[in-house]
Amino acid sequence: MKNRTLIAALLALALGIPAAAVAQQPSDTTRDRQEARRDRRDLRHDRRDTRSDRRDVRQDARERRQDVRSGDTTAARAETRDIRQDRHDLRGDRRDRRSDRRDIRRDRRDVHRDRHDTTSTSPKP
């Protein structure tokens, strides 16, 4: 009797829990919208980072010019390294923005396809 109860409980768990988990999953359209929202947020952050890096490059170039005028070549070299690093960061931000824009386009296309998949119904015979 105990074995039957144990088997019945295990069977109920095996059949009931996955069904409940599937019922709580968001739909494809909801997931695609959330991904598009996240990608737009990432794009905004990458734009902000780009503006900050451009500002840093301008500031470092200004400081390098001052160092060269004053004859401080060591500080000028350090500013040159800073400029190089900031430009490297700019290229990375540009890559990130391009990737985020591509992701946004894909997510929008997926949402559009999902919308048409759910609304298009075949005529019933």
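These numbers were taken from a predicted model, which means no experiment stands behind them.

**Things to note about the overall build of the protein**
Item 1. The number of helices and strands found in the protein is three helices and zero strands.
Item 2. Mapped in sequence order, the helices and strands of the protein form the string α-α-α.
Item 3. Counting the 125 residues in the protein, one finds 20% classified as buried.
Item 4. Within the protein, residue pairs in contact and separated by at least 24 positions form 75% of the contacts whose partners lie at least 6 positions apart.

**Digging into the side chain of Asp86**
Item 1. By the element assignment, Asp86 lies in helix 3 (residues 73-119).
Item 2. In contact with Asp86, other than residues within four places in its own chain, are Asp53, Asp56, Val57 and Asp60.

**Remarks on the environment of Asp86**
Item 1. Of the residues examined, Asp86 reaches a relative accessible area of 10% and is grouped as buried.
Item 2. For Asp86 and Arg55, which are 31 residues apart along the polypeptide, the C-alpha to C-alpha distance reads 9.4 Å.

**Concerning the confidence of the model for the protein**
Item 1. Of the residues in the protein, 75% reach a pLDDT of 70 or more, and the chain-wide mean stands at 81.
Item 2. Mean pLDDT values over the elements of the protein span from 63, in helix 1 (residues 2-24), up to 90, in helix 2 (residues 28-70).

**Topic: the environment of Gln66**
Item 1. Of note, Gln66 is situated in helix 2.
Item 2. The class of Gln66 is partly exposed, set by a relative accessible area of 49%.
Item 3. Separated by ten residues in sequence, Gln66 and Ala76 have C-alpha atoms that sit 8.4 Å apart.

**Quick look at the side chain of Asp67**
Item 1. Looking at the secondary structure, you find Asp67 in helix 2.
Item 2. If near-sequence neighbours (up to four positions away) are discounted, Asp67 is found in contact with Asp72, Ala75, Ala76 and Glu79.

Each value, and the rule that gives it
- Residues numbered from 1 in each chain as written.
- Predicted model: local features only at pLDDT ≥ 70, side-chain atom pairs only at ≥ 80, totals over all residues.
- Heavy atoms only, no water.
- Helix = DSSP H or I, 4+ residues; strand = E, 2+ residues; numbered from the N terminus.
- Buried < 20%, exposed > 50% of the residue type's maximum accessible area, 1.4 Å probe, protein only.
- Contact = heavy atoms within 4.5 Å.
- pLDDT = per-residue confidence, 0-100.

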